[in-house]
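Coordinates in review
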Amino acid sequence: MSPEQILKIPARVLSQKQREEYFINGYILLEKFISDDWLVKLRDATNELVEQSKKVSKSDTIFDLEPDHTSSEPRLRRVSNPTEHHPVFWEYVSKSPMLDAVADLVGPDVKFHHSKLNFKWQKGGEEVKWHYDISFWPHTNYSPLTIGTYLYDCGMDQGPLGVIPKSHLLEPMMSQYDESGKWVGCLSDEDVKKIHIEKAVYLTGPAGSLTLHNCRTIHGSPANQSNLGRPLLLYTLTSADAFPYTVNPLKPKHDQVILTGKRAQFAHHDPLPCLIPPDWSGGYSSIFSLQQKEDVEKAMM
């Protein structure tokens, strides 16, 4: 569906102004959108996964670890596919009001693509460099969006999500390959100079806030140098008429499951081209290891 078609459908939970701002700027922030009851369940489930990570000494398909992670002092960067490792995470994406907010932005038929639980551990949680999401998992259209849930208050010191307003409208899209043809998962220094990062908006907010950004919106986040950790629960959902061109890099078991509405009978194809990533069929680590150049072999074409 086009933005014009979506905006003609009565909203479930968002105001018309919020929906229009999303399509104009490429993102919105919904402060304190999630109830305390949900937060308690999500925090408890997150703590359980952190406890499980203490038994892991090196990164695997579930846990992506910082280099100095130990059993006594765990330091995670990511849990891949949390929906498969604790039932609360699937319950949240399929039954909470968050799903209604997404339907107001992509249309009434909403499809699951993947989930991840990103961390910025206290005192040094790594930065995420400026990048597009859609280049990691291109689709037939640009409806995919990523929803972040702040499980705790997030201020500037905790490394909040930063977005470049209206960057989802930039043409042509910039590359996330380096000059030698290796996939690096972020923009080059030269391209970063072109996007006017001084205009970046950092989406700070209290616990229970949602960040929603379009798959073409350029975004990143600074390192966490504070004494407080920052978990950020992320889901990527799409309109039902968006279909992936490539293998889902995280290979979730719920990939392409309809969360609300019905399955699309026709694919919607956006006329604008999209950058294609490397072949992920042989596996994928994380944006952290790619951007930190820990995964050189998998970054190759």
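These notes cover the structure that comes with them. None of the values given here were measured: they were computed from a predicted structure. (Residues numbered from 1 in each chain as written. Predicted model: local features only at pLDDT ≥ 70, side-chain atom pairs only at ≥ 80, totals over all residues. Heavy atoms only, no water.)

Strand order in the open sheet formed by four strands is β5-β10-β7-β8, with antiparallel pairing between adjacent strands. Across the chains shown, the open sheet's two edge strands, defined by having one partner strand only, are β5 (128-131) and β8 (201-202). With two bridges joining them, strand β7 (residues 162-163) and strand β10 (residues 219-221) adopt antiparallel strand pairing. In the strand pairing of β10, valine 163 is matched with histidine 219. (Pairing = 2+ DSSP bridges. Helix = DSSP H or I, 4+ residues; strand = E, 2+ residues; numbered from the N terminus.)

In this structure, the second largest pocket encloses a volume near 420 Å³. Lining the second largest pocket are 23 residues, and of these Pro3, Tyr142, Ser143, Asn214 and Asp270 lie nearest its centre. Secondary-structure elements contributing two or more residues to the lining of the second largest pocket are α1 (3-7), α2 (16-25) and α5 (97-106). For the lining of the second largest pocket, a count of residues per class yields twelve nonpolar, seven polar and four charged. (1 Å grid on protein atoms, 1.4 Å probe; cavity = no way out; pocket = protein on both sides within 12 Å on 5 of 7 lines; lining within 4 Å. Points joined across faces, edges and corners; volume = space filled by probe spheres on them. Nonpolar A, V, L, I, M, F, W, Y, C, P; charged D, E, K, R; others polar.)

Moving on to α5. Most of α5 is tucked away, with eight of its ten residues classed as buried. Burial in α5 covers these residues: Met98, Leu99, Ala101, Val102, Ala103, Asp104, Leu105 and Val106. Backbone geometry just downstream of α5 places glycine 107 in the positive-phi region, at approximately 110 degrees. (Buried < 20%, exposed > 50% of the residue type's maximum accessible area, 1.4 Å probe, protein only.)

Where helix α3 (residues 36-53) contacts helix α4 (residues 87-95), the axes come no closer than 9 Å and their chain directions differ by 145 degrees. Where α3 approaches α4, its residues Trp38, Lys41, Leu42, Ala45, Thr46 and Leu49 are matched on the opposing element by Val88, Phe89, Glu91, Tyr92 and Lys95. By residue class, the composition of the contact of α3 with α4 is seven nonpolar, one polar and three charged. (Axes fitted to C-alpha atoms, helices over the stretch in contact; angles between N-to-C directions. Contact = heavy atoms within 4.5 Å.)

The next subject is the packing of α4 against α5. Two elements in contact, α4 and α5, have axes separated by 5 Å at closest approach and are oriented at 45 degrees. Taken together, the axes of α4 and α5 lie oblique to each other. Residues Tyr92, Val93, Ser94 and Lys95 of α4 form the contact with α5, whose participating residues are Pro97, Met98 and Leu99. Looking at side-chain class alone, the contact of α4 with α5 contains five nonpolar, one polar and one charged residues. (Parallel < 35°, antiparallel > 145°, perpendicular 65-115°, else oblique.)

Here we come to the environment of histidine 131. Relative to the elements of secondary structure, histidine 131 occurs in strand β5. The buried category is assigned to histidine 131, whose relative accessible area is 4%. On a C-alpha basis, the gap between histidine 131 and methionine 174 in space is 9.1 Å, while along the polypeptide they are 43 residues apart. Among the polar contacts listed, one links the side chain of histidine 131 to the backbone oxygen of lysine 129, at a separation of 2.8 Å. Side chain to side chain, histidine 131 and aspartate 133 meet in a polar contact 3.3 Å long. (Polar contact = N/O pair within 3.5 Å; in protein donor to acceptor, adjacent residues only side chain to side chain.)

Okay, unusual backbone geometry next. Put simply, glutamate 171 and proline 172 share a cis peptide bond, and its omega is -5 degrees. Within the secondary structure layout, proline 172 lies in the loop between β7 and α6 (189-194). One non-glycine residue, histidine 196, lies in positive phi territory at about 60 degrees. As for its placement among the helices and strands, histidine 196 is situated in the loop between α6 and β8.

Let us look at the packing of aromatic side chains. Counting across every chain of the model gives eight aromatic pairs. A centroid spacing of 5.3 Å and a plane angle of 70 degrees characterise the contact between tryptophan 90 and phenylalanine 112, whose relative ring orientation is edge-to-face. Here the residue tryptophan 90 occupies a position in helix α4, and phenylalanine 112 occupies one in strand β4 (residues 110-120), the gap between them amounting to 22 residues. Overall, the relative accessible area of 0% leaves phenylalanine 112 in the buried class. A ring pair is formed by tryptophan 183 and tryptophan 280, whose centres lie 6.1 Å apart and whose planes are at 85 degrees; its orientation type is edge-to-face. Placement of tryptophan 183 in the loop between β7 and α6 and of tryptophan 280 in the loop between β12 (258-260) and α7 (287-291) is noted, with a sequence separation of 97 residues between them. Both residues of the pair, tryptophan 183 and tryptophan 280, belong to the buried class. Against the face of tryptophan 38 rests lysine 41, its NZ or CZ located 4.1 Å from the ring centre. Over the face of the ring belonging to phenylalanine 243 we find lysine 111, whose NZ or CZ atom lies 3.8 Å from the ring centre. (Phe/Tyr/Trp six-rings, centres within 6.5 Å; stacked < 30°, edge-to-face > 60°. Lys NZ or Arg CZ within 6 Å of the ring centre and 35° of its normal.)

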